[in-house]
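# Coordinate analysis (summary)
Listed below are the residues making up each chain.
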Amino acid sequence: MAAGDPGPLPPVSLQGARVWIPDCVEVWRVAEITRGYKEGDTVLHLLLEDGSALDYPIEFQLPPLCNPDCLSGADDLVALSYLHEPAVLHSLRRRFLEANAIYTYCGIILVAINPYKPLPIYEEEVIYAYSGREMGDMDPHIFALAEEAYKQMVRFGKNQSLIISGESGAGKTASAKYAMRYFTTVGGCLGNSSMEEKVLASNPVMEAFGNAKTTRNDNSSRFGKYIEIGFSQAHVTGATIKTYLLEKSRVTFQAKAERNYHIFYQLCASATLPELQGLGLRGAESFHYTCQGQCTAAHSVSDAADLDSTRHAFSLLGVPEADQLELFSILAAILHLGNIVVRGRDRRGDGCFVEPADEALGLFCTLLGVEASQVMRWLCHRKLVTAGETYLKPLSRQQALDSRDALAKHMYGQVFRWMVSRVNRALRSLEGHCTSIGILDIYGFEMFEFNSFEQFCINYANEKLQQLFNLHVFKLEQEEYVTEEIPWVFVDFCDNQPCIELIEGRLGILDLLNEECKMPQGSDGSWAQKLYQTHLSSSHFQKPKRPTDAFIVCHFAGKVEYQCVGFVEKNRDTVPEELVGLLRASKSALLAELFLEEGNGPMSLQSRRSSGLRMAGRPSRRSLPGSQKSKKSISSQFKASLNRLMEMLGSTTPHYVRCIKPNDGKQPFVFDSRRAVEQLRACGVLETIRISASGYPSRWTYQEFLERYRALVSREELMGTDEKQICSLALERLLQDPSKYQCGKSKVFFRAGQVAYLEELRYQRLRTACILLQRHLRGWLARRCFRRAHAAAVCLQRHARGMLARRFARTLRRTRAAVILQKTLRMVLARRSYLRMRRAVITIQAFARGMFARRLYQQMVWHQKAVVIQAAVRGWLARTHYARLRGAVIYLQCCYRRVRACRELQRLRVEARSVEHYKQLHKGMEIKVIQLQCRLDEQAQEKQRLAEQLSGLNAAHAEEVQRLRAEMQRLREDAARDTQVQQLQERLAELERHSVKNCLSQEVEELRQRLAEVEAMKLQLGEEKDALIQRMLEQSQDLEERHQRAARESQGLLQELEEERARYQSLVQEYARLEQGYENLQDEVAFHRQSTLRRSPSSESFLGSESSCLSSMSMAPSRDGSDQQAEGLEERWQPVLEGPQPSGEVLLNGSVGQDPFEKAYLLLLGQLNAVNEELARTREELRRSKAPVEPEERRPLDFLKRRNIAEMLGLGRSPEKVAVDDDLKHAYDAVQVANRLLASQLREEKQQHEEEVEGLHLDICSLKQLSQQQAALIQDLQRHHGQEGLQHHVLRLKEENWELAQKLEKQERTTLKLQKQLRVYAKQIQELTVKREATGPVQELAASAVVPSRSPMVRSLAGPSQAMLAWRMEDEGRIIKAVITDYKPQSSPGALPDLPAYVLFLCFRHADHCCDEPRARSLMDAAIDAIKRVMKKHSDDFNVVALWLANACRLLNCLRQYSRDESYWQGNTARQNEHRLQNVDPQGSCRSLGALAVQLYQQLIRTAEKHLKPMIVAAMLESEPIQGLSSSCPPGHRRSSASPAHTLPELLQQLGSFRAALDHHGLAPSVGHQALRQLLFLISGTTLNYLLLRKDTCSWSRGIQLRYNISQLEQWLRAEGLQQSGAREVLEPLVQAAQLLQVKKVTEEDAGALCSLCTVLSPQQVVKILRAYTPAVGLEERISPSFINSVEKQLQDQYGGGPSQLLVDTSHLFPVHLPFTASPLHLDELHIPDALNLAFLVRH
């Protein structure tokens, strides 16, 4: 319903209804009717939102009604009950500001509002979420519209188109880029993997050359483009870009605050690059063409970085670097052209000139390779050609400047056209395409203060597009009513064909403009007069009131006044032909190519004429009229291209995107209603609303109608079984007027306003029911409150009486207790006084007796000291006398010994010159060397001892404490020494009183010195004691800090270990990808062989052995020497390719008379000898490094081998004995034997190579045992409380992972080399096979001539049972086929689920018993290859994948359980220990099996995900286990009418089947727990993603349903005993999302509680759910924006403002841990069913 035709108000909305009234600021305002309206009233009494009253006059029509609150913010504007302009504007504003929803449907139109802020809704996860979904299942999005177009193209095989339009800055370019990215991501590429990158790479190139900064947009497209993406079999095959109306005037002029095209500023910003040094570039402010807008830099744009992106895009599109630099030189020349200064010759301006020394002129001519004199001449002159002569006309300065600018615009236009052609050439597909999807990114309707020729063309194009849009919308409306068989009067719609006829019709505006351009003296004023004379009578053409050369056209979006100034000149687009001729003759190849692309146009003819030598005047006269006649005007070209575009769009199914610019300030999430209404009127959205409102805009399926309005249906009406009949009966009763609705086949159609009426009835019914419930509930609450109050009063009385009685009893008890306390206290005080007096008497007696005892003791001490002093003095005198005598004796001895030493010195000098002396000297040196060696050993021991001391920190601490105790003991001894010193002092005082003062003075001085030393030592010891105590405290603190640091770092190190495990599994996955690629190459080679030749048994053996060799090489990741090994292998293969040629030539030359077969025989013999020699030499080099004796042993063997080969080939026989009849037979036999020998030799090479790469398996083994090492590290951490070893191990694992990645790359290169060699060998075998087939069948060689197999024979085993299966090398294929390829568990009921693993291990044990490691390794490799082939064939069968995952784990555990590693023997019995492997090291096989198990686990998860993904959304979100809640879903949302395809019980049943399959096949419980945790993470992440992307699921009722479904999952986990598996934690985000939908969301306290609740959800996810939350109608209030802002702020303060991901990455795989579980089964008790057909294996 339009704004001017609201229709009569419904009875329920007379008083209290809300209406829209016009407003000068907000366009429309809401007001409430305060009085009832009657027919004939002239005033409507209204109440505004601010509380003021208004008497609104009713002139012609009533104001439009407001929609119910539940309909506001609907996904589809057509679903609104009242369809008019204010309702559309209000719904868009509400969705944009409150829900931050920038996309809204309006019928077939997707309205996109530019948020001016990056939103996380364009990630790759969002693309896959919308892929395959119906258009109404998800929230409105550009991806949903793109998916609809893609789906219709695939389903119906018809071309599609996306028409994106809008104002500059509305987001057209961004929408087109997102649509292109969606198509390239979903469609992928077929045959050419780089096509997707090329299609996306065209965007930065087109933006650099065609986009510029304007006042409205920093990246405005200044041209229209149509991108046609080709598809073949639903895959992208190529693309084509067509452009329309490039704004060339921007090259030479920019308005204020605008810029030129981006490419110029990118070049100026990168002028310092070495490759751009010669272009003479400077800052953008230095050039006239880039500084006119006074805005050389744009916000949030890096021009230098953008140039790198542009050059990278050029490289992806196949433009060479040389062409890029030449293109940049042309662009730089355009900038220099703008800086050329043109000066006038005089004041009148009759002539002008250019200075020859002009720097810009020199740079321009240098870059383009033209002559400066010619440029100077033709810039200032123009050539005039008359009937017989040619004149040069000087130009004025302004004319010269115009000529210069015209040349610059023409050059840039040619550059742009060349760039588009190169992009199309790169995107063109050779095989073509079947269907296509076009993306039209074109300018919207423009209306400025000054409108010129460009705006006229733009608005003309929009008129054509609007006409196409109207026809399409009207057609869809008709088809909808016809399909539903609804009688509908076809109303007329606003057709803009008269306006189009005014523009493009006969004698229309364009015709008159072209005619004026052909006139020699045509001008804008004369053209305007012609327009007035011709079209003033038209209703769509008006003349402005002011006297100016202008005219007004009444477009569909409004009236636009165009100024005629510049129309004629812009339409002509004249370019100086002489200057163009100079450029065409330029030395620059690219520049010449730019102007030669015009073909036979006028520019091409004129350039040829002007650039040549002197020509006759007659040809010039003939060429001039022809060129002018054939030249097309810009309007003619634009009209032709626009008609072609309309034809192309008419042949496709269009999809419309209307981009809206919310404000002119580019502020994020700011909505200007005035600007939005202008654009809505201009883009055709309101026209769609008008067409829909003229019929039945509201359409509901019968099921949706019953779900929503079941409360209005009576019980009798519900007795019917047909939904259509029930709805018809209910509508007849509710809506008495049959013209207000229509019942179709599957839908019920309502007129405008009827849904609002039904909503009002539903609200009243629900309100009545709520009042009834509240009445009963409040009565029940009041009665319960009274009963509680009565019971409480009785209880209070009872307790009060009891309290008084207890208080009286307590008073009596206190009185008695006081008496007893007084009695006891008095007794205590008396006893305490007596005891105090008694202790004082005893103390006095003790002190008196002690004083008398001390006096007696002092006298005895003094007497003893006197005796001691006398003894000391007498001893000192005796020692002094003895010392004098001893000194004299020693002096005499020294003199005598000096004399003897001199004599001995003379004798030694004589002996020093003798030979014996030197011998003795060297002997001493040897002894010194031995001593030094001993010292080194001692130092090593000392180092070891110091290391042990360092590790024993606790022992050192104990020793420190012990030493402190010793110091304390020494201090006590010093105290005793002090007592002795005091005694000596007293002795000294006594001696001084005697007469011997002179003798004892020296001794007194010594005693004083000793006393001072003792005091100093005492002080020093005290300081050392304090220092030691401080050191002990510091050490204890240091130890505590170390322990705390270790506790903090432990979590980080454990997390690093988990990351290393994840990296290792990613390497395993990458290795599986490389292996898959190698298998694809093998299949391709095999297919090529089968299609080109028929292999003989010998050639098949040869190729099979070689491929098996390569397969074994690809299975083992190489170590550091992989490159050297690859080079060695290449050297070994090289003689086979090159070596046989000379020998073959010699043999052929020596046997001229032989037939071709004998020549082939000799040629093969030479090749065989060369191979044998090369293999022998290589084998000798390898074994020389291992054992020096091996080369000597191998030479006789090689000699004998060659001798036997020669004898087998018949070389030892004499030529006379060979008959002529047997030549053919011998030749064939030679070829046969040679082929077999080559195959045998290749097998030897394979085994030798396997021996060489045996050590390479050690790297992967360490990674496979990562879990065991991690557990050991954690134990060490707990035992030693240190992190050094753990950190070192983590670093070592990182290095090993990095090395492993490098080795995988090297191994891939080695594989490619060997594949090339394989092709060469295959070619040689083909040639030999062709020669052999030409001779016909011949008799096979005798059995004795066949080379015996190298596989060792199984010797008979005697003695006790060894629990093994005896087999031979030729039985390997049969074993693999029986236990893997053809194995079916159903054929052996009752057998173990992991029986194949046990059978393979028994065969492995036999190879170990025979000491045949190559055979064991070959069996494991063949088994792994066979399992991979089975997985490739049955990749979608969960049971098969689980079966072989269990067998791979069991085989891996058996190899570990019976290996030489003692850590796996703990659970073995004595019988199991007897069956341990003795000779073969299984570490390499364990590594390969570990990698295989990880691959199988990942394949298991992928297979389960394929089964679960289609069920998750339907079971978790769409199913309704709680009936009756779906009716609370508000109307107006597009949604699928079909019932959910899957339910929650089906999902649980599927999970149960997965769990049962894992248990049935005997998989370890921990592995099953990890798998189910991964699957529940998929369920949680997928459900949460769709909850975030679907607004209709964010409601209270959906939260109840979701929480119930999660509880069912949790109950299933408890029933299965999976509480401790970690699966509950992955459901926590989904649990919090469900709780978020149910909690109260009104006050600030609610915001705080909500933030504390959502601890796992990211802030973006919480805000997204809050913005998308839809309250229940009449029961809840809409969440206020202030509440959402408060929650967002609190979450940012709590979690930080860093970037967070909106959607959950459901492709993430948790690292898997494969535990070791020992087998309780004894190998000799294993039962092998007969159904396996393993009778050829002997049980030992």
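Here, every reference points to the structure presented above.
The notes below deal with the structure included here.

## Section: the sheet that holds strand β1 (residues 18–23)
Taken together, 4 strands build an open sheet; the order of strands is β1-β2-β3-β4 and the sheet is antiparallel. Edge positions in the open sheet fall to β1 and β4 (53–57), since each of these has one partner strand only. Taken pair by pair, the neighbouring strands of this sheet meet at an average axis angle of 50°, ignoring direction. In this structure, strand β2 (residues 27–33) lies alongside strand β3 (residues 43–48), joined through 3 bridges in antiparallel fashion. Opposite Ile33, over in β3, you have Leu46 as the bridge partner. Running over the sheet, helix α1 (residues 85–97) touches β1 and β2 and is turned about 105° from β2.

## Observations concerning helix α12 (residues 397–427)
When the terminal C-alpha atoms of α12 are compared, their 45 Å separation across 31 residues agrees well with the 45 Å that a helix rising 1.5 Å per residue should span. Taken across its 31 residues, α12 has 23 buried, putting it largely inside the fold.

## Here's the deal with the pattern of salt bridges
Applying the stated criterion across every chain, the model contains 42 salt bridges. Among the ionic pairs, Glu516 bridges to Lys530, the shortest N-O distance being 2.8 Å. Within this pair, whereas Glu516 is found in helix α15 (residues 509–518), its partner Lys530 is found in helix α16 (residues 524–535), the two being separated by 14 residues in sequence. Residue classification places Lys530 among the partly exposed residues on the basis of a relative accessible area of 25%. A salt bridge links Arg1374 to Asp1371; the shortest N-O distance between them is 4.0 Å. Taken together, the salt bridges that share partners define one network made up of Glu167, Lys661, Asp664, Arg675 and Glu678.

## Observations concerning the sheet that holds strand β21 (residues 698–701)
Taken together, 3 strands build an open sheet; the order of strands is β21-β23-β22 and the sheet is antiparallel. Each edge of the open sheet is held by one strand with a lone partner, namely β21 and β22 (741–743). Each adjacent strand pair in this sheet contributes to an overall mean axis angle of 20°, direction not counted. The pairing of β21 with strand β23 (residues 747–750) spans 4 bridges and is antiparallel. Across the sheet, Arg699 pairs through a bridge with Phe749, a residue of β23. Of the strands in this sheet, β22 and β23 touch helix α27 (residues 723–734), which is tilted by about 160° from β22.

## Side note on the packing of aromatic side chains
By the definition in use, this model includes 30 aromatic pairs. Taken together, a centroid distance of 6.3 Å and an interplanar angle of 75° make the contact between Tyr182 and Phe183 edge-to-face. A centroid spacing of 6.1 Å and a plane angle of 65° characterise the contact between Phe551 and Phe567, whose relative ring orientation is edge-to-face. You can see Phe551 sitting in strand β18 (residues 550–555) and its partner Phe567 sitting in helix α17 (residues 567–572), a full 16 residues away along the chain. Here Phe551 falls in the buried class, since its relative accessible area comes to 0%. With relative accessibility at 1%, the residue Phe567 sits in the buried group. In textbook terms, an aromatic cluster arises when at least three aromatic residues are bridged by ring pairs, as seen for Tyr122, Phe143, Tyr150, Tyr178, Tyr182, Phe183 and Phe231. Note that Lys543 overlies the ring of Tyr532, its terminal NZ or CZ placed 4.7 Å from the centroid.

## Thoughts on helix α47 (residues 1544–1560)
Its 17 residues place the ends of α47 24 Å apart at the C-alpha level, agreeing with the 24 Å of an ideal helix rising 1.5 Å per residue. Of the positions making up α47, those classed as buried are Leu1544, Leu1547, Leu1548, Leu1551, Phe1554, Arg1555, Ala1557 and Leu1558. Elements in contact with the buried residues of α47: α44 (1438–1457), α46 (1483–1518), α48 (1565–1589) and α49 (1596–1615). Where α47 terminates, the next one or two residues include Gly1562, which has phi positive at roughly 75°.

## Here's the deal with the pairing of strand β6 (residues 109–113)
In terms of residue burial, β6 counts as a mostly covered element, since 5 of its 5 residues are buried. Neither face of β6 is exposed, since Ile109, Val111 and Ile113 on one face and Leu110 and Ala112 on the opposite face are all buried. Across 4 bridges, the pairing between strand β5 (residues 103–106) and β6 is antiparallel. Counted as the bridge partner of Tyr103 is Ala112 from β6.

## Focus on the pairing of β1
Bridge count for β1 against β2 is 6 bridges, and the pairing is antiparallel. Note that in β2 the partner of Arg18 across the bridge is Glu32. Between the end of β1 and the start of β2, which pair antiparallel, lie 3 residues.

## Some words on the environment of Met195
Locating Met195 in the fold gives a position in helix α5 (residues 195–210). Look at Met195 and you get buried, because its relative accessible area is 4%. The spacing of Met195 and Thr237 is 42 residues in sequence and 7.0 Å in space, taken between C-alpha atoms.

## Some words on the nonpolar core
In this structure, Phe183, Phe209 and Phe551 are the most contacted members of the largest nonpolar core, which totals 341 residues. Ranked by residues supplied to this core, first place goes to α46 with 17 residues. Residues contacting Phe183, with those up to four places away along its chain left out, are Ala146, Tyr150, Leu162, Gly188, Ile229, Phe231, Val236, Ile437 and Ile439.

## What about the packing of helix α25 (residues 702–709) against helix α28 (residues 754–912)?
Two numbers describe how α25 lies on α28: the axes approach to 11 Å, and their chain directions differ by 35°. Between α25 and α28, the residues in contact are Phe705, Arg708 and Tyr709 and Val755, Leu758, Glu759 and Arg762, respectively. Class assignment for the residues of the contact of α25 with α28 results in 4 nonpolar, no polar and 3 charged.

## With respect to the environment of Leu1392
With respect to the helices, strands and loops of the structure, Leu1392 is situated in the loop between α41 (1372–1381) and α42 (1395–1409). The spacing of Leu1392 and His1561 is 169 residues in sequence and 8.5 Å in space, taken between C-alpha atoms. With sequence-adjacent residues up to four places away left out, Leu1392 is seen in contact with Tyr1383, Tyr1398, Leu1721 and Leu1726.

What counts, and where the lines are drawn
Residues numbered from 1 in each chain as written. Predicted model: local features only at pLDDT ≥ 70, side-chain atom pairs only at ≥ 80, totals over all residues. Heavy atoms only, no water. Pairing = 2+ DSSP bridges. Helix = DSSP H or I, 4+ residues; strand = E, 2+ residues; numbered from the N terminus. Axes fitted to C-alpha atoms, helices over the stretch in contact; angles between N-to-C directions. Contact = heavy atoms within 4.5 Å. Expected span 1.5 Å × (residues − 1). Buried < 20%, exposed > 50% of the residue type's maximum accessible area, 1.4 Å probe, protein only. Salt bridge = Lys/Arg side-chain N within 4 Å of Asp/Glu carboxyl O. Phe/Tyr/Trp six-rings, centres within 6.5 Å; stacked < 30°, edge-to-face > 60°. Lys NZ or Arg CZ within 6 Å of the ring centre and 35° of its normal. Core = buried A, V, L, I, M, F, W, Y, C linked by side-chain atoms within 4.5 Å. Nonpolar A, V, L, I, M, F, W, Y, C, P; charged D, E, K, R; others polar.

All quantities given are derived from atomic positions and should not be read as evidence of function.
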